[in-house]
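Residue strings, one per chain:
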Amino acid sequence: MKAQIKHISYHLPKTIFSNEDYFKLFPDTISNEENLLKIGTESRHIIQTNQTASDIAVDAAKALFIEHDVDPKDIDFLLFCAQEFDYYTPTSACIIHERLNLTEQCGALDFNLGCSGYVYGLSLAKGLIEGVGLKNVLLLTSSTLTKTFHEKDKSSRFLFGDGASATLITASETSNGIGEFIFGTDGKGADKIIIKDGGARNKITENSYKEITDDYGNITTDACFYMNGISIFIFGLNIVPKLVNDILQKEQKTISDIDLFIFHQANLFLIDKIANKLQIPSEKVFNFMKNTGNTVSSSIPIALSEAIKSGNAKKGDTILLAGFGVGLSWAATIIKL
Amino acid sequence: MHINELIKLIEIEFDDFTEGSLNPKTDLRKTDVWTSMHALILIALIDTEFNVTINGEDLRSINCIEDLYNIIKNRIVS
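What you are looking at is a predicted structure, and each value in this text was computed from that prediction instead of being measured.

This part is about the overall build of chain A. Within chain A one finds nine helices and 15 strands. A globule of 337 residues ought to have a C-alpha radius of gyration of about 20 Å, and chain A, at 19 Å, matches this closely. Summarising its shape, the C-alpha atoms of chain A cover approximately 55 × 45 × 35 Å along the three principal directions. Counting all 337 residues of chain A, 50% fall into the buried class. Restricting to contacts in chain A with at least 6 residues of sequence separation, those with at least 24 account for 79%.

Moving on to helix α1 (residues 3–13) of chain B. All names here are of chain B. Among the residues of α1, those classed as buried are L6, I7 and I10. In an axial view of α1, the angular spread of the buried residues amounts to 100 degrees, which keeps them on one side of the axis. Exposed residues pointing more than 90 degrees away from the buried face of α1 are listed as N4, E5 and I12.

So, on to the domain arrangement of chain A. Residues and elements named next belong to chain A. Along its sequence, chain A is organised into domain 1 (2–175) and domain 2 (179–336). Computed from C-alpha atoms alone, the centre-to-centre distance between domain 1 and domain 2 is 15 Å. Each side of the interface is counted separately: domain 1 has 44 residues, and domain 2 has 45 residues. Elements that contribute at least two residues to the side of domain 1 that touches domain 2 include exactly β1 (2–11), β3 (43–46), α5 (117–132), β6 (136–143), α6 (154–159) and β7 (163–172).

Here the focus is the packing of helix α7 (residues 229–250) of chain A against helix α8 (residues 268–278) of chain A. How two helices sit against one another is set out by the angle between their axes and by the gap between those axes. All names here are of chain A. The geometry of α7 relative to α8 is characterised by a closest axis approach of 9 Å and an angle of 40 degrees between their N-to-C directions. Regarding the angle of α7 to α8, the classification is oblique. Viewed along their axes, α7 and α8 form a crossing whose handedness is right-handed. Judged by residue contacts, F233, G236, L237, V240, P241 and V244 of α7 engage L270, K273, I274, K277 and L278 from α8. Of the residues belonging to the contact of α7 with α8, the class tally is eight nonpolar, one polar and two charged.

Take the packing of helix α3 (residues 53–67) of chain A against helix α4 (residues 92–99) of chain A next. All names here are of chain A. Look at α3 against α4: their axes get within 10 Å of each other, and the N-to-C directions meet at 40 degrees. With respect to α4, the element α3 is oriented oblique. The chirality of how α3 crosses α4 is right-handed. Contacts from S54, A57 and V58 in α3 reach S92, I95, I96 and R99 in α4. Along the lines of polarity and charge, the residues of the contact of α3 with α4 split into four nonpolar, two polar and one charged.

Residue and element names in this part refer to chain A. A sheet is described by the order of its strands in space; here four strands give the open sequence β8-β15-β14-β13, paired in mixed fashion. At either margin of the open sheet sits one strand with a lone partner, and together these are β8 (177–185) and β13 (260–263). When strand polarity is set aside, the average angle formed by the axes of neighbouring strands in this sheet is 15 degrees. As defined by bridge partners, strand β14 (residues 318–325) adjoins strand β15 (residues 329–336) across eight bridges and the pair is classed as antiparallel. Paired with G325 across the bridge in β15 is S329. On the sheet, helix α9 (residues 299–309) packs against β13 and β14 and is oriented at approximately 150 degrees with respect to β13.

With that settled, consider the interface of chain A and chain B. Contact residues are listed per partner, giving 20 residues for chain A and 17 residues for chain B. When residues of the side of chain A that touches chain B are traced back to their parent elements, those giving at least two are α2 (33–36), α7 and α8 of chain A. Considering each element in turn, the side of chain A that touches chain B owes the most residues, seven residues, to α7 of chain A. Here the side of chain A that touches chain B is built from residues that sort into seven nonpolar, 10 polar and three charged.

All names here are of chain A. With an omega dihedral of 15 degrees, the bond running from T89 to P90 counts as a cis peptide bond. The residue after G327, namely L328, is reached through a cis peptide bond having omega -5 degrees. The phi angle at D69 is positive, at roughly 55 degrees, despite the residue not being glycine. In this structure, D69 sits in the loop between α3 and β4 (77–82). At Q279, a position not held by glycine, the phi torsion is positive, near 55 degrees. Counting through the fold element by element, Q279 comes out in the loop between α8 and α9. By the C-beta count within 10 Å, which is 8 here, Q279 ends up exposed.

The rules behind the values
Residues numbered from 1 in each chain as written. Chains lettered and ligands numbered in written order. Predicted model: local features only at pLDDT ≥ 70, side-chain atom pairs only at ≥ 80, totals over all residues. Helix = DSSP H or I, 4+ residues; strand = E, 2+ residues; numbered from the N terminus. Rg over C-alpha atoms; globule rule 2.2 N^0.38 Å. Buried ≥ 20, exposed ≤ 12 C-beta atoms within 10 Å, placed from the backbone. Contact = placed C-beta atoms within 7 Å. Arc of directions from axis to C-beta. Domains from an automatic or database assignment. Axes fitted to C-alpha atoms, helices over the stretch in contact; angles between N-to-C directions. Parallel < 35°, antiparallel > 145°, perpendicular 65-115°, else oblique. Left-handed = near helix turned anticlockwise from the far one by under 90°. Nonpolar A, V, L, I, M, F, W, Y, C, P; charged D, E, K, R; others polar. Pairing = 2+ DSSP bridges.

In structure tokens, the structure reads:
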């Protein structure tokens, strides 16, 4: 039995924040419009303040059940990948489990990862199916990062959007399915993407709300999301080509054996540079971020879902997935649909 | 590589800079147009053209294109 991606659905919050809205909010950035458009995003979906990551994950799971006629009673295990959980405790996956009416015999687990999370989730699902012997694993990813942004953080507000995905991974009698994995971690870069205060390490104090301005005039606080965009760009530019070559080598494949490459949808400018470095033909790189922005752990499954819907990814295709980001953390796998 | 080649590459890459508007003593960070997006484009340009990584600290330490040129030259040699 092999673990295979059976179905994918996703959910985007209703509220849209367009580039037009952005330039109205930050009129000083309009002179840089041409360069900003290289990011590849024209609008993003933004979650309501009273909604949480688990809410939109439930919406994505319900979409999967309806669109693909999946019976919730058949789910053996629920994996929930997010960075914004409802409570310190209990586990959000247990709350989602209840809301989806899954069976009492179904396991439920949260794991905290960002942009590499979907690929890590596939590896956990594969282990549960091929190692433990389960039949159906539901992998949910959800990002509501925009709730953590400082209102004056013009970089993050341009780059990111919110969204959730649901993937059903099943045990199949097939030679296709989820292949090998490459993982990587560099905790030295933990401070490159961080919300410093408000967790167990640093409580919120008055200082948490002190505005901090970076070299480029971007404003945040220690209570809000911070990303060192330059460092993360260099990280992506350096680590992803090696990651791709490592997974190709592990699978004894070359770029020509891969039908489609789906990278974490960080931004179009970075993905183009990575693809150029690897000399991947542009028609083999599938992107979907124009109306979503960077949706963190949901970006790869949203793109994969759209690749399947649009016919860019077909049954039997070999697809390389590569995620990279906060942690710092990265992972890649090769799947055969 | 001569410094004029680097200047020409930067002028071609950025629509904000017209041909002949930059010289070795130009501090890119002090030009009116400079943003973090320009920094990313410059880093990518140097990576593509010279296979040299320029980081945030490098950009903070340089005062002009000539300083940037010297960093690239040293890293190509080493």
